[in-house]
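Below are the chains, spelled out letter by letter.
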Amino acid sequence: MTDAVQLKEELTAKIEAANDLKSLEEVRVTALGKKGAITDLMKMLGKLDGEERKVRGQELNQLKDEIADFIKAREEKLKKEEMNLRLATETLDVTLPPLPRKLGHVHPISQTMEELQKIFAEMGFSVAEGPDIEDDWHNFTALNFPPGHPAREMQDTFFLPSDPQEKNPDFATKVLRTHTSSVQIREMERHGAPIKIICMGRVYRSDYDMTHTPMFHQVEGLYVDKNVHMGHLKGCLIEFLSAYFEIEDLPIRLRPSFFPFVEPGAEVDIGCSRDGGELKIARAENELEQQWLEVLGCGMVHPNVLKNCGIDPTEYQGFAFGTGIDRLAMLKYGIPDLRSMFESDTRWLQHYGFNLYETVK
Ligand code: DAH
């Protein structure tokens, strides 16, 4: 018996004995792999002469082909067996209902921001942005906050380490912005007048209870031009609030109030009812019984603020307003606790969130 015939018998026996694909692969490597038995024999062909090499070469090539074919046949058989076993043991109940498909939801705050953007875009406002980390100048000083104003104090404002390179304390002192009014300053400094913008974003104050979180969202509006007056402010607010709450004759009133950056300043109330302990935004049937809910601060931009931004207050005047986006969302969508907005509970989002395809109306 030649060594090739013997090797064929040995390998054939091993191939037949291989009961799974893994051991079959091992046999293939020992026969045909780089260091396999047949490969080894072929490597020795170079040492033989002419005729002998030809005969031996044919013999080994034939052996190689036979073994390869045999392995292939065995592999197919094993695969078939494996499939038959799976078909026999695994079952698929096609009558089962499909698994629920989990869709993500748009957060009510994102939804509200989109609604606001759309309302104000229709009134000709463009959208501006500013940084969350502000300096004292943009957050307070330029907005006409006198030194020692309570809003500057520790209990409200998150102070950050000041900038050691900066000599001017207005710019050295860093805070997390406490309101979006800082963006008014940045935008007026950058673009001057006329200007008509809204700014939406995160603001920060050290506070935490059912109606306060250390981070919340505000929208700020600013319109400065040569002839802008309080009538425009009131008209703009009526348009905005009735469009947002989707109530056509929503009653609105302005009450005099104080903010350092406006003169005169006002707080804005919308009509509501609290009958049966439930808060509803609505006009009362009897005007004298109308109840009110405060939603917004506003006023005519203080001349000092315009001056601080390089705008001549004898030539230009304008209005500004600011309000909490989270609160607007809570009121419109009946969300009772502000804190739940930021707890990242997907069950909450499932309930209060919006379907992506329904958000842009
Ligand atoms: N910045 C104020 C706050 O955070 C809100 C505000 C009031 C903004 C009056 C204004 C305004 O632009 O005119 O409470």
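Residues numbered from 1 in each chain as written. Predicted model: local features only at pLDDT ≥ 70, side-chain atom pairs only at ≥ 80, totals over all residues. Heavy atoms only, no water.

(A) Region of the structure containing the pattern of salt bridges. Per the counting criterion, the structure on display carries 24 salt bridges. With its nearest N and O atoms 3.1 Å apart, the salt bridge here joins E246 to K332. A residue pair is termed long-range when its members are at least 10 positions apart, and E246 in the loop between α9 (230–245) and β7 (252–257) and K332 in helix α11 (residues 325–333) qualify at 86 residues. A relative accessible area of 53% places E246 in the exposed class. On the basis of relative accessible area, K332 is assigned to the partly exposed category, the value being 21%. In the salt-bridge network here, residues are joined through shared partners; they are R253, R255, E267 and D269. (Salt bridge = Lys/Arg side-chain N within 4 Å of Asp/Glu carboxyl O. Helix = DSSP H or I, 4+ residues; strand = E, 2+ residues; numbered from the N terminus. Buried < 20%, exposed > 50% of the residue type's maximum accessible area, 1.4 Å probe, protein only.)

(B) Representation of the sheet that holds strand β2 (residues 133–135). Spatial ordering of the open sheet is given by β2-β4-β3, a layout of 3 strands whose pairing is antiparallel. At either end of the open sheet lies a strand with only one pairing partner, and these are β2 and β3 (159–160). Relative to strand β4 (residues 174–176), β2 runs antiparallel, the two sharing 3 bridges. Among the inter-strand pairings, E134 is bridged to a residue of β4, identified as V175. (Pairing = 2+ DSSP bridges.)

(C) Region of interest: the packing of aromatic side chains. In total, this model carries 14 aromatic pairs according to the counting rule given. Ring centres of F120 and F240 lie 4.8 Å apart, and the angle between their planes is 45°; on these two criteria the pair is classed as tilted. A residue pair is termed long-range when its members are at least 10 positions apart, and F120 in helix α5 (residues 108–122) and F240 in helix α9 qualify at 120 residues. As far as the burial class goes, F120 and F240 line up, both buried. Between F240 and F321 the ring centres are 6.2 Å apart and the planes differ by 25°, which places this aromatic pair in the stacked class. Remark: F321 occurs in strand β11 (residues 317–324) and F240 occurs in helix α9; sequence separation between them is 81 residues. The exposure classification of F240 matches that of F321, with both residues buried. One aromatic cluster is present, built from ring pairs that chain together F120, F125, Y223, F240, F319 and F321. In this structure, K196 is placed above the aromatic ring of Y223, and the distance from its NZ or CZ to the ring centre is 4.6 Å. (Phe/Tyr/Trp six-rings, centres within 6.5 Å; stacked < 30°, edge-to-face > 60°. Lys NZ or Arg CZ within 6 Å of the ring centre and 35° of its normal.)

(D) Geometry of the pairing of strand β6 (residues 215–225). By the criterion of burial, β6 is predominantly enclosed, with 8 of the 11 residues buried. In the sheet, strand β5 (residues 195–204) pairs with β6 via 10 bridges, with the strands oriented antiparallel. Each bridged residue has a counterpart across the sheet, and for G201 the counterpart in β6 is Q218. Relative to β11, β6 runs antiparallel, the two being bridged by 8 bridges. The residue bridging L222 from the neighbouring strand is A320, located in β11.

(E) Just the packing of helix α1 (residues 3–17) against helix α4 (residues 50–89), in detail. Where α1 meets α4, the closest approach of the two axes is 11 Å, and the angle between their N-to-C directions is 5°. Between α1 and α4, the interaxial angle falls into the category roughly parallel. Taking contact as the criterion, the partners of D3, A4, L7, K8, L11, T12, I15 and E16 in α1 are, on α4, R56, E59, L63, E66, I67, F70, I71 and R74. Split into classes, the residues belonging to the contact of α1 with α4 amount to 8 nonpolar, 1 polar and 7 charged. (Axes fitted to C-alpha atoms, helices over the stretch in contact; angles between N-to-C directions. Parallel < 35°, antiparallel > 145°, perpendicular 65-115°, else oblique. Contact = heavy atoms within 4.5 Å. Nonpolar A, V, L, I, M, F, W, Y, C, P; charged D, E, K, R; others polar.)

(F) Spatial organisation of the environment of I252. When you line up the elements, I252 lands in strand β7. Each C-alpha atom of the pair I252 and K234 lies 8.9 Å from the other, and the pair is 18 residues apart in sequence.

(G) A look at the site of the ligand. Looking at the ligand, there are 15 residues lining it, with H179, S181, R205, Q218 and E220 nearest. Within the contact set of the ligand, an oxygen atom lies 3.2 Å away from a backbone nitrogen or oxygen of A320. Burial of the ligand by the surrounding chains reaches 89%, relative to a free accessible area of 360 Å². According to the grid-proximity analysis, the pocket containing the ligand is the largest pocket. Of all the elements in the fold, those that place two or more residues in the shell around the ligand are α8 (181–191), β6, β10 (291–301) and β11. The class makeup of the residues in the shell around the ligand is 6 nonpolar, 7 polar and 2 charged. (Near = heavy atom within 4 Å. Polar contact = N/O pair within 3.5 Å; in protein donor to acceptor, adjacent residues only side chain to side chain. Areas by Shrake-Rupley, 256 points an atom, 1.4 Å probe, with all protein chains shown as cover. 1 Å grid on protein atoms, 1.4 Å probe; cavity = no way out; pocket = protein on both sides within 12 Å on 5 of 7 lines; lining within 4 Å. Sits in = over half its atoms within 2 Å of the grid points.)

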